[in-house]
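Here's the letter readout for the chains.
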Amino acid sequence: MKYRMISILCAVSAAAVCACSGGEIEPIEENRPPEPERSVTRLVGISMPNRAQERWERDAGLLEENFRKGGFDVKVEYSSDDPAIQSESLRSMIDEGAIMLVISAVDMDSLSEVLDIADEKDIPVVAYDRFLMGSDAVDYYVSYDNEAVGRLQAQCIVDKLGLEDAEGRHFTLEIFSGDISDLNAESVYKGAMSVLDNYIDSGVLQIPSGRRSPEDTMIKNWDADTARNSLQGILSAYYEGKDAPDAVLCPNDTVASGAVAALENTYGSFDTIVTGQDADEENLAMIKDGRQTMTVYKSSRNEAAAAYELCISVLNDQKPDEKMIEAAGWDFECYYNGEGYDNGRKDVPAFLLRPVSINSDNIESELVEKGHAEMDDSGNVRTVE
Ligand code: BGC
């Protein structure tokens, strides 16, 4: 049975009622050592992977704002993409009496030991955006539909190159995927490949470097410099004296930034289709000036709102499901996957939000007009979540 702050509060008041109500009260064992005092804090621990990608500070800020408004104390920590740092900081949050942990893991497999401690202490755990493997402690997972992210990226390539009507034409493609210690990387890749595989198998899309599997295409920590060096190496080895690739599938915006830097360095200007994810400010600017083709927008505000609602429900000892979504009446799409995601120890039920494809034609209608971003007089777009 998980420790829930509210259950503890109820238990405390129930005991008080019992002591004063004149019912049969068990004699107090005089010599019994006093129970160690367990302070009931209102501390929520929020653990993020890094500050390298713009989104994590944004997400942490919004989560913190929600919890503080709800009267909770909050501790936010970043992990410099180091699983050991993340594990240590979670351990200290537990020692400080955290009643809830919201975690975006650096490495989905590396936290089972510290999560076991959370489990022993009945501290509820919500996997935020990134999944957590190998622990019974994980209560829920809230994220975007990551396969849909990959499908949107791939569909942009299909549409822009006109692959459905290729009529004997061939196009070149290079593939990048995210860090495989993050399940999202696999899901985004899977979604993209569900759209691209047929075109690659039939030869409409050709991959000069031959890199196709998640292992061959992965960029450690989704890092921009690693992506730039990798594409630079591919361009020198396989594109010498040839046109730039027709498309570079990039799983997120930091990888896209690296890819664009390598393309610029080699070709100056280019008309390669470059995909992304996150709508980082630098990348929105690149989309506006035509150096990146698209990104996938996943509102942090909506994700943090869903996570907060979920946490409150869990702390109230409820078992949130689709009814929570109905009751919340959000103006964004979210669905409940009750079968859950198998983390090797249990099926973790999930709440998944719907991502949106952004290109130069819909930046204004999807981001500015819907209040997710502002555009200044010079046309620069700034996210305002
Ligand atoms: C997130 C992406 C992010 C990537 C790198 C993924 O887990 O879903 O939004 O770009 O990690 O931080």
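Residues numbered from 1 in each chain as written. Predicted model: local features only at pLDDT ≥ 70, side-chain atom pairs only at ≥ 80, totals over all residues.

Q: Can you walk me through the packing of helix H3 (residues 83-95) against helix H4 (residues 112-120) in this structure?
A: Each pair of packed helices can be summarised by the angle the axes make with each other and by the distance between the axes. Closest axis-to-axis distance for the H3/H4 pair is 9 Å, and the angle between their directions is 10°. Judged by the angle between their axes, H3 and H4 are roughly parallel. When H3 is examined against H4, the residues Ser87, Leu90, Arg91 and Ile94 are found in contact with a partner set consisting of Glu113, Val114, Ile117 and Ala118. In terms of residue class, the contact of H3 with H4 is made up of five nonpolar, one polar and two charged. (Axes fitted to C-alpha atoms, helices over the stretch in contact; angles between N-to-C directions. Helix = DSSP H or I, 4+ residues; strand = E, 2+ residues; numbered from the N terminus. Parallel < 35°, antiparallel > 145°, perpendicular 65-115°, else oblique. Contact = placed C-beta atoms within 7 Å. Nonpolar A, V, L, I, M, F, W, Y, C, P; charged D, E, K, R; others polar.)

Q: I keep staring at the packing of helix H8 (residues 224-238) against helix H9 (residues 253-267) and nothing clicks. Help me out?
A: Running from N to C, H8 and H9 cross one another at 40°; their axes reach a closest spacing of 7 Å. The angle between the axes of H8 and H9 places the two elements in the oblique class. Helix-helix and strand crossings are classified by hand; for H8 and H9 the assignment is right-handed. Here Ala224, Asp225, Thr226, Ala227, Arg228, Leu231, Gln232 and Leu235 of H8 lie close against H9, whose contacting residues are Thr254, Val255, Ser257, Gly258, Ala259, Ala261, Ala262, Asn265 and Thr266. Per-class residue counts for the contact of H8 with H9 are eight nonpolar, seven polar and two charged. (Left-handed = near helix turned anticlockwise from the far one by under 90°.)

Q: What is the right way to read the pairing of strand S4 (residues 125-128) from this model?
A: If a strand is regular, its side chains alternate between the two faces of the sheet. Of the two faces of S4, both are covered, the one formed by Val125 and Ala127 as well as the one formed by Val126 and Tyr128. Pairing geometry for strand S3 (residues 100-103) and S4, over three bridges, is parallel. What sits directly across from Ile103, in S4, is Ala127. Note that the unit made of S3, H4 and S4 has a crossover that is right-handed. Of the pairings in the sheet, the one linking S4 to strand S5 (residues 138-144) comprises four bridges and is parallel in character. From the neighbouring strand, Val126 faces S5, where its bridge partner is Tyr140. (Buried ≥ 20, exposed ≤ 12 C-beta atoms within 10 Å, placed from the backbone. Pairing = 2+ DSSP bridges. Right-handed = clockwise from strand over helix to strand, strands pointing away.)

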